[in-house]
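Summary of structural features
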Amino acid sequence: MDASFVIKDIRASVHTISIQIPLLSEKIAGFGREEQTEFVFCEVETAAGVTGIGMTGQFLPHAVVETLHTHILPLVRGMDVRDVEAVHSRVWWKLNARAMTGVISSALSCLDIAMWDIHGKGVDRTIAGLLGGARKNVPAYCTFGFPQYDLDLLAEAAKLHVANGFKGLKLVVAVDKGGWREDARRVRKVRDAVGDDIDIMIDANYLFNPVQAKQLCRAIEDCNITWFEEPLHQNDARAMHDLRRSTRIPIAGGQNEGHRWRLRELVEKHAVDILQPNCCFNGGYTETRKAAHLAQAYNLPIANGGGWPLFNMHTMAGLMNGWYVEWHLGIVSIGEAFFKDAPVPVNGEITLSDKPGLGLTVDYDAVRSTRVKP
Ligand SMILES: [Mg+2]
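Here the residue numbers are simple positions, counted from 1 along each chain's written sequence. Reporting in this predicted model follows two pLDDT cut-offs: at least 70 for local features of residues, and 80 or more for side-chain atom pairs to be given and counted; totals over whole chains, interfaces and linings ignore these cut-offs and use all residues.

Per an unreviewed UniProt entry, the recorded name for the protein is L-alanine-DL-glutamate epimerase-like enolase superfamily enzyme, and the organism is Ancylobacter aquaticus. According to UniProt, the comment filed for the protein under the heading Cofactor (unreviewed entry) is "Mg(2+)". UniProt positions are given in the numbering used here, feature names are shortened, and annotations may be inferred rather than shown by experiment.

If you want it as structure tokens, here you go:
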């Protein structure tokens, strides 16, 4: 075996960072919710000393770290990072034979992303290239519409991001005290501010029931929304199908589904127009590729929800049905802090570098200074 590809060690840790949102004076902790301020940074090292990195988000991060160190490392030590099916198969049958999701999916995502990073470095190809190299540039939309903005600041922020070149903007809905009626006013305010040539997306993060979601859809049918992301509690596929049939607004979802069977359900039940497998949550590029191929067979585009654009840009660039990357202003702050060479969108497009693997150079000072002590 080639030692440069053989797994020797996994080191994972929990981190936190505060985020500056444009036009707001106060920094925001984590991702805007007080219980979601931490994330996981993971390094996999090979027998030849090559390292790859993986990251995952805000869900039970301490348990994810423990899972990587205590349960996954003893299983995969000595395996080749290129043998992704062998590694996934072993982790599945030893740790997750009943196909649960959550901590195990987040931990597997970290491992898998790092394996692809090492593989890319070993053969001098980007992960997008290893996935199939569909394109070099990917469009990015800006997730900017946070509940901290009042109506006027929301419009001002929307214009700012359009002036910076973005051609797609996303707003959070379903959290305002004014309910769906206030959401409708906010969406209309943004449409009026940016004109007809900008894509507008909305995201309820599971927080509406079907009646509220239908009322909002009816109120903004004329605003030409590009997609309504995760409108309903539990991503209930049957109810999402029902909503989708009742509105002209395309429906998107899947960012935190932990494996292909949950994503398959969204496709099979005609619940989505756009599938959103996120490599930082669903088991990494290996699982994302399967979901993307499933979507291809149904002529569905895939797009990034749930953030982590520096990882998901490889999916969107590598696979033929890849579409928008989410430039989530909160999570973008993490990339800016952790990597010395994170790409930024220019005129609403990210150009992937030719550097191998993820193409990211870690700033270890930032890794140390943001670490949450165990
Ligand atoms: Mg989302």
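Further remarks concern the overall build of the protein. Each helix and strand in the protein was counted, giving 13 helices and 13 strands. When its C-alpha atoms are laid out on the principal axes, the protein stretches across 60 × 45 × 40 Å. Counting across all 374 residues of the protein, residues that qualify as buried make up 51%. Of the contacts made within the protein by residues no fewer than 6 positions apart, 72% connect residues no fewer than 24 positions apart. Helix numbers and strand numbers start at the N terminus; a helix is a DSSP run of H or I with at least 4 residues, a strand a run of E with at least 2. Burial is judged by counting other C-beta atoms within 10 Å of a residue's own C-beta: 20 or more means buried, 12 or fewer means exposed, and anything between counts as partly exposed, with every C-beta placed from the backbone. It is the C-beta atoms, placed from the backbone, that decide contacts: two residues are in contact if theirs lie within 7 Å.

With that settled, consider the UniProt feature "domain: Mandelate racemase/muconate lactonizing enzyme C-terminal" (unreviewed entry) in the protein. Look at the UniProt record and you will see "domain: Mandelate racemase/muconate lactonizing enzyme C-terminal" (unreviewed entry) annotated at residues 151–250. Structurally, residues 151–250 comprises 49% helix and 15% strand, and the distance from its first C-alpha atom to its last is 25 Å.

Here we take up the packing of helix 5 (residues 151–163) against helix 6 (residues 179–194). Between N-to-C directions, angles cover 0 to 180 degrees, with each direction set by a line fitted to C-alpha atoms, over the stretch in contact for helices. Their axes nearest at 9 Å, the elements helix 5 and helix 6 cross at an angle of 40 degrees. Comparing their axes, helix 6 and helix 5 come out oblique. With respect to the hand of their crossing, helix 5 and helix 6 are arranged in right-handed fashion. Contacts between helix 5 and helix 6 pair L151, L154, A155, A158, K159 and V162 from the former with R185, R186, K189, V190, A193 and V194 from the latter. Partitioning the contact of helix 5 with helix 6 into residue classes produces eight nonpolar, no polar and four charged. By the definition adopted for this analysis, an angle is roughly parallel if under 35 degrees, roughly antiparallel if over 145, roughly perpendicular if from 65 to 115, and oblique otherwise. Handedness of a crossing is defined here by the sense of rotation of the near helix relative to the far one, left-handed for an anticlockwise turn of less than a right angle and right-handed for a clockwise turn. Each residue is assigned to one class: nonpolar for Ala, Val, Leu, Ile, Met, Phe, Trp, Tyr, Cys and Pro, charged for Asp, Glu, Lys and Arg, and polar for all the others, Gly among them.

Below, the discussion takes up the pairing of strand 7 (residues 168–172). With five of its five residues buried, strand 7 lies for the most part within the structure. With burial as the criterion, each face of strand 7 is covered, one bearing G168, K170 and V172 and the other bearing L169 and L171. By definition, two strands form a pair when at least two bridges between them are found by DSSP. Two strands pair when backbone bridges link them, and strand 6 (residues 137–145) and strand 7 are joined in this way by three bridges, in the parallel orientation. Across the sheet, the residue bridging to T143 is K170, located in strand 7. Orient the strands so they point away from the viewer; a crossover is then right-handed if the path from the first strand over the helix to the second runs clockwise. Of the crossover connections in this fold, the one passing from strand 6 over helix 5 to the parallel strand 7 is right-handed. Strand direction decides the pairing type here: strand 7 and strand 8 (residues 199–203), joined by five bridges, are parallel. Residue pairing for strand 8: L169 is matched across the bridge by I200. For the crossover that starts at strand 7, traverses helix 6 and ends in the parallel strand 8, the hand is right-handed.

Our next topic: helix 7 (residues 210–219). Each α-helix winds once per 3.6 residues, and so residues spaced three or four apart point in a common direction. All buried positions along helix 7 are accounted for by A213, L216 and C217. Seen end-on, helix 7 carries its buried residues on one side only, within an arc spanning 100 degrees. The secondary structure elements touched by the buried residues of helix 7 are helix 6, strand 9 (225–229) and helix 8 (237–246). The arc in question is traced by the directions running from the helix axis to the C-beta atoms.

In this section: the domain arrangement of the protein. Parsing the protein into structural domains produces domain 1 (3–124 + 364–369) and domain 2 (129–351). Between the C-alpha centres of domain 1 and domain 2 there is a distance of 23 Å. Between domain 1 and domain 2, the contact holds 30 residues from the first and 28 residues from the second. For the side of domain 1 that touches domain 2, the secondary structure elements donating two or more residues are strand 5 (51–56), helix 2 (84–95), helix 3 (103–123) and helix 13 (364–369). Per-element accounting of the side of domain 1 that touches domain 2 gives the leading share, nine residues, to helix 3. Among the residues making up the side of domain 1 that touches domain 2, the classes are represented as 17 nonpolar, 12 polar and one charged. An automatic or database domain assignment provides the domain bounds reported here.

If you look at the biggest cluster of nonpolar residues, it comprises 113 residues, and the most contacted ones within it are C42, M55, L68, C110, L111 and L169. At 11 residues, helix 3 tops the list of elements feeding residues into this core. Composition of this core by domain shows at least three residues from each of domain 1 (3–124 + 364–369) and domain 2 (129–351). Setting aside chain neighbours within four positions, we find L68 in contact with I10, A12, C42, L73, A107, C110 and L111. Here, a nonpolar core denotes buried Ala, Val, Leu, Ile, Met, Phe, Trp, Tyr and Cys residues that are linked to one another through C-beta atoms within 7 Å.

The subject of this paragraph is the sheet that holds strand 4 (residues 38–46). Judged by pairing direction, the sheet is antiparallel, and its three strands sit side by side in the order 1-4-5 without closing on themselves. Where the open sheet ends on each side, the last strands, each with one partner, are strand 1 (7–16) and strand 5. Ignoring strand direction, the axes of neighbouring strands in this sheet form an average angle of 20 degrees. Relative to strand 4, strand 1 is paired through nine bridges, and the arrangement is antiparallel.

Where helix 9 (residues 260–268) contacts helix 10 (residues 285–297), the axes come no closer than 10 Å and their chain directions differ by 20 degrees. Comparing their axes, helix 10 and helix 9 come out roughly parallel. In this structure, the crossing between helix 9 and helix 10 has a hand that is right-handed. Here R260, L263, R264 and V267 of helix 9 lie close against helix 10, whose contacting residues are E287, K290, A291, L294 and A295. Counted by class, the contact of helix 9 with helix 10 contains five nonpolar, no polar and four charged residues.

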